[in-house]
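Examining the three-dimensional arrangement
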Amino acid sequence: QVQLVESGGGLVQAGGSLRLSCAASGRTFSGYVMAWFRQAPGKEREVVAAITWTAGITYYHGNSVKGRFTISRDNAKNTVYLQMNSLKPEDTAVYYCAARRGDVDNYDYWGQGTQVTVSS
């Protein structure tokens, strides 16, 4: 049974930093793509960043997080991270970890989400 468990969310002031963690278990993730999504109140869920499990190739969505957020993974720990720096109030959202096979488009596995709140 695949499980993705996020941690590291919280309340931070604008300009601060947080590191989210996603502990993955239940299968080997070789060939998978791991991603962080976020959903702000009243908005659709959007992808933030993704990384290939094996090669560590990264993708960042749009310009809003480039240069501020960094996705990484530790294969030995089966954990994916999202380092978030220079946080802004508009980064406030529930952040979700997700996983999909590299040869499909849909994400099959989701975590429960972790709340990130950035105060101005």
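Refer to the preceding data block for the structure.
Residues numbered from 1 in each chain as written. Predicted model: local features only at pLDDT ≥ 70, side-chain atom pairs only at ≥ 80, totals over all residues. Heavy atoms only, no water.

Under the criterion given, the structure shown has six aromatic pairs. Three or more aromatic residues joined by ring pairs make a cluster, and in this case those are Phe29, Tyr32, Trp53 and Tyr109. The residue whose ring lies beneath Arg45 is Tyr96, and the NZ or CZ to ring-centre distance is 5.3 Å. The aromatic ring of Trp110 is capped on one face by Arg45, whose charged end is 3.9 Å from the ring centroid. (Phe/Tyr/Trp six-rings, centres within 6.5 Å; stacked < 30°, edge-to-face > 60°. Lys NZ or Arg CZ within 6 Å of the ring centre and 35° of its normal.)

The topology assignment puts Glu6 in strand β1 (residues 3-7). Looking at Glu6, the relative accessible area reads 5%, which means it is buried. Residues Glu6 and Tyr95 lie 89 residues apart in sequence; the distance between their C-alpha atoms is 8.3 Å. In contact with Glu6, other than residues within four places in its own chain, are Ser21, Cys22, Trp36, Tyr95, Tyr96, Cys97, Gly111, Gln112, Gly113 and Thr114. Here Gln112 takes part through its backbone nitrogen, which lies 3.0 Å from a polar atom of the side chain of Glu6. Among the polar contacts listed, one links the side chain of Glu6 to the backbone nitrogen of Gly113, at a separation of 2.9 Å. (Helix = DSSP H or I, 4+ residues; strand = E, 2+ residues; numbered from the N terminus. Buried < 20%, exposed > 50% of the residue type's maximum accessible area, 1.4 Å probe, protein only. Contact = heavy atoms within 4.5 Å. Polar contact = N/O pair within 3.5 Å; in protein donor to acceptor, adjacent residues only side chain to side chain.)

Turning our eyes to something else, we now look at the sheet that holds strand β7 (residues 69-74). The antiparallel open sheet is built from four strands, whose spatial order is β1-β3-β8-β7. Every interior strand has two partners, whereas the edge strands, β1 and β7, have only one. Going across the sheet, the axis of each strand differs from the next one's by a mean of 15 degrees, ignoring polarity. (Pairing = 2+ DSSP bridges. Axes fitted to C-alpha atoms, helices over the stretch in contact; angles between N-to-C directions.)

What follows concerns the state of the cysteines. In this structure the tally under the stated criterion is one disulfide. With its sulfur 2.1 Å from that of its partner, Cys22 forms a disulfide with Cys97. Taking the sign of the S-S torsion, -75 degrees for the link of Cys22 and Cys97, the bridge is left-handed. With a gap of 75 residues between them, Cys22 in strand β3 (residues 18-25) and Cys97 in strand β9 (residues 93-101) connect regions that are remote in the sequence. Grouping residues by exposure puts Cys22 and Cys97 together as buried. (Disulfide = S-S within 2.5 Å.)

Tallying each qualifying case throughout the model produces four salt bridges. One salt bridge connects Arg38 with Glu46, and the closest N-O pair in it is separated by 2.8 Å. Judged by its relative accessible area of 8%, Arg38 is buried. Note on Glu46: relative accessible area 33%, which makes it partly exposed. Across the pair Arg101 and Asp103 runs a salt bridge, and its minimum N-O distance is 2.9 Å. What makes Arg101 partly exposed here is its relative accessible area of 38%. A residue is classified by how much of its surface remains accessible, and Asp103, at 59% relative accessible area, is exposed. (Salt bridge = Lys/Arg side-chain N within 4 Å of Asp/Glu carboxyl O.)

What follows concerns the pairing of strand β4 (residues 32-39). Of all eight residues in β4, seven are buried; the element is thus mostly enclosed. By the bridge criterion, eight bridges tie β4 to β9 in an arrangement that is antiparallel. Bridging from a neighbouring strand, Phe37 pairs with Tyr96 of β9. Pairing of β4 with strand β5 (residues 46-52), which is carried by six bridges, proceeds in the antiparallel orientation. Each bridged residue has a counterpart across the sheet, and for Val33 the counterpart in β5 is Thr52. The turn linking β4 back onto β5 is made up of six residues, and Gly42 within it adopts a positive phi angle of 75 degrees.

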